[in-house]
Amino acid sequence: MVIARHALSALASCLVLLACELDEITIPQVQPVVVVHSVINVGAPTQFVILEQSLTGRSSQHYSSGPVPPSPAGEGIPIAGAYVTLTYHGTGSCEQRTVILQERPPVELGGVGIVASGTYMTSELCSLSPGDRVELRVEALNGEVVRGMTVIPGVRSIDVHTRSERGVYLTVDHGADSVWIDVDPIVARALAFELARDPIRTPDGYGGTHFTLATDTMSMVFAGNLRTFEDADEGEAVFRPGSYMTLSVAVADTNYYDFVRSFSNPLTGRGFINHLDGGIGVFGSVLTSEHYLRVIDRQDDEREGLYRVSGTVDSVDADILLDLYLEPLLRDGEFSAFVDGAWVHGPVSTSADGQYRYTSAAASSGPGRFDVTFMTVSENGRAWHAISGAPSRASGPFQAIVTTAVEIEPYVFRNSTDTVTVERVAGALFAVR
Amino acid sequence: MRTSALVAAIVVMLAASASGQTQGADSSLLNRQANLYVHAVPLEIALRDLSLRSGIRIAFSPDIVRGPALVSCACPDVTVRDALDSLLHSTGLVYAEMAGNVVVGPPVAAPGFGSSISVAGAAEAQQLRQVSGRIVAGENGPPVVSALVRGLEFGSRANTDQLGQFVLHDVPPRQVQLVVEATGFVTDTVTATPIQHDMTVVLNRAAVELEPVMITADALGPPDRSRFDSTTQISAITIQPADILNIPGMFESDVIRAVQLLPGTIAKNDYSITYNVRGGEGDQNLVRLDGVTVFNPSHLGGLFSTFDANAVERVDFFTGGFPASYPGRLSSVLDISLRDGRRDGLHGGGQVSLLSSKLLLEGPLGPVSYLVGVRRTYADAVVATFTSYTMPYYFTDAVAKLHVPLGSGGSVALTGYWGRDDLDVNIVSSVDEANPAAELREPIDMVFNWGNRLAGLTWRQPLAGATVETRASVTEFFTTLAIMPDMARWDNNVRLLSASSDVTFAPGNHHRLHVGAGVEQYDMTYDLLSPLFEFGGQPGNYGGLLPLFNTDYHPTIWSLYADDEWDLSSWLKLRPGVRLEHVPAAAFTGLAPRASFKLFLTRDKAVIGSVGRYHQAVHSLRDQELPITFYEFWIGADEFVPVAQSDHAVLGYEQWFDHGIQLNVEGYRKTFRNLVIPNSAQSLRDVGNQYRPMEGESWGVDVLLRRHTGRVQGWIGYGFNKTERRAGGESFPPAHDRRHTVNLVLRAPGPLGSELGLRWGWGSPLPYTGLNGEWSHRTYRLSEHSFGSGDTEPISTAINAERFPSYSRLDVGLHWDFTKWGIQWKPYLQVANVYNRRNVFLYVFDYGSRPATRSGVAQVPLFPTFGIEFTW
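Residues numbered from 1 in each chain as written. Chains lettered and ligands numbered in written order. Predicted model: local features only at pLDDT ≥ 70, side-chain atom pairs only at ≥ 80, totals over all residues.

Draft legend 1. Representation of the overall build of chain A. Counting its regular elements, chain A contains two helices and 28 strands. Considering chain A as a whole, with its 433 residues, one finds that 45% of them fall into the buried category. Long-range pairs, those at least 24 residues apart, make up 61% of the contacts in chain A with a sequence separation of at least 6. (Helix = DSSP H or I, 4+ residues; strand = E, 2+ residues; numbered from the N terminus. Buried ≥ 20, exposed ≤ 12 C-beta atoms within 10 Å, placed from the backbone. Contact = placed C-beta atoms within 7 Å.)

Here's what the structure looks like:
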């Protein structure tokens with residue numbers, strides 16, 4: 001799909017060179033459509049439904065404020081006051097049981113004001129078994145009704161392994177490993193994958209989705225040296241050495257699979273596979289299995305290896321090891337590193353991102369630039385630590401400045417600055433790439 | 001005025017009848033009812049009409065009856081005698097009944113001829129024979145198409161067909177002289193002995209080759225006229241290189257752009273080389289180069305066609321009722337013939353334009369003639385020079401033809417074509433914009449190329465009065481889209497191996513039978529591979545790894561066909577035919593009967609009609625709603641994909657006027673069954689659900705008024721069409737459902753000694769699928785059980801429920817022609833879309849703003865180009 005989009009956009013750009021734009025005119029408003037986003041995630045404590053009106057020219061107010069929930073819906077006009085139910089069509093004591101979803105209260109957004117959440121939640125859905133059917137019914141205030149039905153997927157096993165390891169926690173060698181996923185389904189239409197930096201053990205505290213894929217097969221192999229090919233991702237390695245990653249493997253029903261694999265052609269408006277009656281969007285279901293990856297690689301650059309960082313930071317003796325791996329596809333010294341040891345607020349085991357580069361004038365022996373950032377989470381909250389120094393190829397340890405920013409309340413930080421010693425203690429010697 | 005022996009005999013006989021005008025007072029022929037009504041027509045026409053209406057063969061020499069005077073006769077209820085008395089009054093001509101014929105001639109005695117000659121003349125009239133033959137270019141040369149064969153001393157005429165064959169009727173049973181004329185050849189006169197019924201005539205090329213179309217049109221009559229005279233073929237138009245080269249356009253002369261201007265044909269926009277014929281889909285058009293199928297005959301998504309107009313000899317376009325010998329397509333046949341290379345030394349030519357250059361060489365190699373042409377665009381460089389854009393695209397193509405004469409008038413022709421488009425796009429840059437000097441990473445590039453290549457062998461051999469034509473060919477469309485370095489690769493190959501052999505012969509005086517057999521073996525493969533991924537195991541089929549995607553189709557089509565051009569009488573021609581196709585992969589055996597007729601009202605007027613069934617075992621899976629076609633995604637019939645079927649019924653009228661003016665009016669109705677469209681809900685793993693079935697109908701009227709000769713030539717084409725499709729429970733007009741289409745194409749003397757080419761087109765609104773709002777297609781995060789932001793996507797209305805504004809465009813071109821340094825130069829200047837009409841290409845809606853807005857992209861703007869052609 002990505003390939004096709006690139007091809008078409010490239011061709012289109014060629015043609016547009018020969019074309020000219022037509023004048024922009026105002027067109028009448030059209031009737032809005034109820035947009036539904038809801039995925040029953042089997043095992044999740046709560047289920048939710050997001051309701052928005054489609055964009056019709058009635059309002060230019062749409063905003064992206066973060067993951068929904070907890071953020072309010074806002075990429076269309078959030079629908080308030082709807083009557084939303086989920087009806088269980090399985091067997092047992094819950095048969096034909098209907099659950100009414102509760103609308104989350106309005107939220108005040110800076111610069112926007114108070115907005116409806118557009119989100120309806122429940123934690124009372126019956127325990128779900130593979131093959132069960134759950135029906136969604138949405139009745140908006142204006143009387144519009146949207147219906148959907150999902151079939152709950154299930155598996156006998158989800159097996160994720162590398163050449164040498166199998167299980168929930170895996171070490172993946174970027175250059176030498178592949179990640180194998182085998183699923184033995186009971187009921188499933190497709191597999192969905194999501195690979196993200198571990199949000200806790202990543203410098204930005206968010207992680208972000210690094211790579212997603214859906215397939216209608218039940219097994220899959222990812223090469224360890226998989227590379228993104230979206231320009232926004234800068235062609236980076238999907239499995240980033242020196243980082244902790246979360247691999248989510250889900251079996252999905254048809255509705256979810258069609259939701260993620262299809263899209264509307266921007267010219268014709270057709271192509272999206274919609275399984276809702278009376279609205280557009282998704283009401284699907286997935287069963288997710290989480291796997292945690294520690295990604296390593298060969299360390300054959302002189303900058304790679306094990307570094308010891310020691311000194312007094314924020315009046316505390318700190319002594320950590322950075323296991324540093326250059327990003328294998330970038331040539332600007334960007335790296336990630338596992339961070340282990342004793343730090344400001346106690347033991348730390350996380351991942352750092354940084355850059356270690358030589359300026360061209362100092363390539364032979366002069367000082368380079370070493371910058372690394374990592375985040376720690378403790379009972380005191382989150383703190384960010386930035387270490388900056390100017391190492392030289394010719395010498396060993398070097399002094400670095402540590403800047404610590406402790407989040408004392410949301411978006412409010414206490415900063416401190418200290419000096420530490422950074423020393424490379426193991427790694428390849430002078431095998432410059 | 002030449003005096004033929006036959007006329008002399010008639011004259012003597014008429015003289016012997018003294019003052020009486022009839023030879024027998026109780027003649028039954030002359031007492032028949034005339035059924036004639038003519039007003040102010042030439043005598044020749046009146047006599048032909050009388051012959052047709054009364055059913056009596058009336059013999060006369062055209063040279064005798066021709067003259068400026070016009071005659072009239074309101075004679076529906078009178079006898080033939082009375083009608084002739086009326087028509088011949090004051091002409092000096094008399095008539096007589098002889099041996100079942102009525103002959104008309106001057107009442108003058110011919111010295112030296114006696115009554116025995118009168119008897120011989122009558123016997124001649126009884127024993128008129130047929131002479132057939134073949135015209136070839138040089139010893140063992142290729143057939144000469146559209147040559148004119150006419151009696152030197154009698155009125156019969158015939159034109160050669162694609163195989164260079166002719167059948168001359170009503171030849172006197174004695175030694176006669178036949179005149180053979182053809183474009184670019186020295187006119188020859190040959191003798192046919194009294195017992196000769198078959199001959200091969202070798203024509204020599206003229207020392208100085210004049211512009212073909214001028215000679216053809218003015219001296220010999222256009223191919224369309226010879227087709228009108230000699231066959232029942234309906235819905236057929238021939239375009240010659242001069243026609244194509246003088247149609248102004250955006251870049252360069254283009255065969256398919258010319259075809260798009262013919263009635264019955266709809267081009268959805270300026271950018272698309274795809275065309276729709278009489279309500280059919282784009283994939284229902286068979287495009288052949290010297291008999292070899294070309295799958296995707298376009299470059300740059302349709303801006304250029306793959307055919308160099310300078311290498312083309314002629315283009316025959318059939319919008320319906322095409323002969324049984326053509327392999328399966330439902331809607332049209334575009335049959336492009338390459339020229340043979342010249343035999344009178346090395347010649348060449350070329351063109352340099354803003355965006356491309358081409359070079360063509362031709363000449364003899366011993367007895368063999370060759371023609372080689374190459375072309376390459378440099379639009380990428382031009383765009384980079386004059387704009388801030390990058391156009392990472394170019395194409396190259398080459399065409400070649402070898403003609404090898406064999407003994408006994410046979411020949412072998414080898415045709416080859418190779419063309420490739422290259423589009424290379426950097427996806428991930430090796431540098432950051434902030435610091436372009438430092439290489440940051442290994443770049444990621446998209447390498448996209450596609451093209452056609454083909455080779456075809458045609459062996460023609462006269463054999464025992466028949467002509468055997470055997471073809472073998474391989475044609476391939478290929479495309480590769482790769483994400484480099486070595487990340488993913490998409491390959492699509494469509495290959496067709498075909499062989500056919502057919503025989504054309506004339507059993508008896510009034511039949512021309514064409515029978516043949518063929519086989520086509522398709523191999524269509526789609527492969528998406530990546531070393532970075534492997535997939536495996538379908539639900540319920542645990543285990544086993546697969547590539548990302550692959551599918552293939554391998555239909556084989558066996559065919560038998562026959563048709564008979566049957567001259568039932570001088571005023572009625574029939575052409576019954578049948579094509580039998582067997583597609584084992586689809587368990588399909590289909591009989592496709594076809595029949596056409598031509599009823600001559602006069603020599604220049606005819607009612608024409610055709611009915612037939614057509615099958616098509618290959619389809620293109622593409623979104624017909626998209627305004628542009630990158631290329632076709634071909635699939636073939638198998639256990640899931642059906643063989644498509646269409647029934648045609650065409651009824652029309654054709655008339656030829658003086659000055660080579662042709663009027664053709666045809667009404668048609670077509671049905672479409674078992675069409676396929678892409679299934680957006682398809683699963684890559686579920687074989688056979690890549691398509692959804694579709695059916696439909698179309699009907700309409702096409703009108704062509706064309707002038708083939710004179711200083712001002714061209715045509716006005718009008719098409720009315722109504723087309724409907726049904727799929728998935730919906731009934732809708734397809735994207736090419738244009739109700740009215742008008743095209744005017746003119747070639748005339750222009751200012752400053754130039755030749756003017758003009759093309760004006762108007763089309764009523766085409767349908768499109770409107771958008772009814774937008775929605776955010778969010779992304780679901782498995783690990784967080786939440787939705788993130790998404791891409792805004794449109795919500796559509798009913799399929800093709802809206803219509804664009806009407807279309808209009810005027811193109812003007814000027815060509816000059818001079819010779820310097822032994823080279824003929826033809827500089828040209830063209831302006832496309834002279835009045836800069838902003839024809840809508842597509843609309844862009846924005847429902848995310850308040851109020852909602854619609855903008856769009858126009859088609860070709862005012863676009864001047866210039867260049868120069870040269871030949872030596």
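Draft legend 2. Main features of the overall build of chain B. Helix and strand counts for chain B stand at 10 helices and 56 strands. A burial count over chain B gives 50% of its 872 residues as buried. Contacts in chain B between residues far apart in sequence, at least 24 positions, make up 64% of those at least 6 positions apart.

Draft legend 3. Layout of the environment of B:Ala681. Relative to the assigned elements, B:Ala681 resides in the loop between β41 (661–678) and β42 (691–707). Ignoring sequence-local partners within four residues, the contact set of B:Ala681 consists of A:Asp258 and A:Ile273.

Draft legend 4. Examining the sheet that holds strand β26 (residues 381–389) of chain A more closely. Residue and element names in this part refer to chain A. The strand order around the closed barrel formed by eight strands is β21-β22-β23-β24-β25-β26-β27-β28, and the pairing between neighbours is antiparallel. Across the sheet, the mean angle separating the axes of adjacent strands is 25° when strand polarity is ignored. Strand direction decides the pairing type here: strand β23 (residues 334–343) and strand β24 (residues 346–358), joined by 10 bridges, are antiparallel. Of the residues in β24, the one forming a bridge with Phe338 is Ser351. (Pairing = 2+ DSSP bridges. Axes fitted to C-alpha atoms, helices over the stretch in contact; angles between N-to-C directions.)

Draft legend 5. Geometry of helix α7 (residues 223–230) of chain B. Residue and element names in this part refer to chain B. Counting buried residues along α7, seven of its eight residues qualify, which places the element largely inside the surrounding structure. Pro223, Asp224, Arg225, Ser226, Arg227, Phe228 and Ser230 are the residues of α7 that are buried. Tucked inside the fold, the buried residues of α7 contact β8 (157–159), β13 (236–239), β20 (312–318), β37 (605–616), β40 (644–657) and β41.

Draft legend 6. Inspection of the nonpolar core at higher detail. Counting 137 residues, the largest nonpolar core has A:Val36 and A:Val286 as the members making the most contacts within it. Looking at this core, the element that brings in the most residues is strand β20 (residues 279–296) of chain A, giving eight residues. The residues contacting A:Val286, other than those within four sequence positions of it, are A:Val39, A:Asn41, A:Val42, A:Pro153, A:Ala192, A:Ala250, A:Val251, A:Ala252, A:Tyr256 and B:Leu782. (Core = buried A, V, L, I, M, F, W, Y, C linked by C-beta atoms within 7 Å.)

Draft legend 7. Representation of the packing of helix α2 (residues 43–54) of chain B against helix α4 (residues 80–88) of chain B within the structure. All names here are of chain B. Contact geometry for α2 and α4: axes closest at 11 Å, N-to-C directions at 175°. Compared by their axis directions, α2 and α4 come out roughly antiparallel. Touching Leu43, Ala46, Leu47, Leu50 and Ser54 of α2 are Val80, Ala83 and Leu87, all from α4. (Parallel < 35°, antiparallel > 145°, perpendicular 65-115°, else oblique.)

Draft legend 8. Region of the structure containing the environment of B:Glu44. Residue and element names in this part refer to chain B. With respect to the helices, strands and loops of the structure, Glu44 is situated in helix α2. For Glu44, a count of 20 C-beta atoms within 10 Å translates into the label buried. Remark: the alpha-carbon pair of Glu44 and Ser61, spanning 17 residues in sequence, is separated by 9.1 Å.

Draft legend 9. Region of interest: the pairing of β40(B). Residues and elements named next belong to chain B. Across 12 bridges, the pairing between β37 and β40 is antiparallel. Residue Val611 lies in a different strand from β40, and its bridge partner there is Ala649. Pairing of β40 with β41 involves 13 bridges; the strand directions are antiparallel. Its bridge partner being in β41, Asp647 is matched across the sheet by Thr671.

Draft legend 10. Local environment of the confidence of the model for chain B. Residues and elements named next belong to chain B. Looking at chain B as a whole, its pLDDT mean stands at 83, while 88% of the residues score no less than 70. Taken element by element, the predicted model of chain B shows its lowest mean pLDDT in helix α1 (residues 5–16) (36) and its highest in β37 (96). Within the model, the stretch residues 108–123 combines pLDDT values under 50 with 24 contacts to residues more than four positions away or in other chains. The low-confidence segment residues 537–545 (pLDDT under 50) makes 23 contacts with residues lying over four places distant or belonging to another chain. (pLDDT = per-residue confidence, 0-100.)

Draft legend 11. Broad picture of helix α2 (residues 254–261) of chain A. Burial analysis of α2(A) places eight of its eight residues in the buried class, which makes it a mostly covered element. Of the residues making up α2(A), those classed as buried are A:Thr254, A:Asn255, A:Tyr256, A:Tyr257, A:Asp258, A:Phe259, A:Val260 and A:Arg261.

Draft legend 12. Geometry of the pairing of β23(A). Residue and element names in this part refer to chain A. Where strand β22 (residues 316–326) and β23 come together, eight bridges link them in antiparallel fashion. If you follow Asp319 over to β23, its bridge partner there is Ala342. The turn linking β23 back onto β24 is made up of two residues.

Draft legend 13. Quick look at the sheet that holds strand β12 (residues 145–151) of chain A. Residues and elements named next belong to chain A. With antiparallel pairing, the four strands of this open sheet are ordered in space as β6-β5-β11-β12. With partners counted over all chains shown, the strands left at the sheet margins are β6 (98–100) and β12, one partner each. If you compare each strand with its neighbour and ignore which way they point, the axes differ by 20° on average. Here strand β11 (residues 133–139) runs beside β12; their pairing, made up of seven bridges, is antiparallel. Opposite Val134, over in β12, you have Thr150 as the bridge partner.

Draft legend 14. Broad picture of unusual backbone geometry. Look at the link from A:Val68 to A:Pro69: it is a cis peptide, with omega at -20°. With respect to the helices and strands, A:Pro69 occurs in the loop between β3 (47–53) and β4 (77–78). The residue after B:Arg850, namely B:Pro851, is reached through a cis peptide bond having omega 0°. Of note in this structure, B:Asp290 is not a glycine but carries a positive phi near 50°. Looking at the secondary structure, you find B:Asp290 in the loop between β16 (285–289) and β17 (292–293).

Draft legend 15. Up close: the environment of A:Phe398. All names here are of chain A. Structurally, the position occupied by Phe398 is in strand β27 (residues 398–409). Since 17 C-beta atoms lie within 10 Å of it, Phe398 is described here as partly exposed. Apart from the residues within four sequence positions on either side, Phe398 is in contact with Gly389, Ala390, Pro391, Ser392 and Val422.

Draft legend 16. The arrangement of the confidence of the model for chain A in detail. Residues and elements named next belong to chain A. When pLDDT is averaged along chain A, the result is 84, and 88% of the positions lie at 70 or above. For chain A, the element scoring lowest by mean pLDDT is helix α1 (residues 2–16), at 48; β12 scores highest, at 96. The low-confidence segment residues 1–6 (pLDDT under 50) makes nine contacts with residues lying over four places distant or belonging to another chain. Within the model, the stretch residues 429–433 combines pLDDT values under 50 with eight contacts to residues more than four positions away or in other chains.

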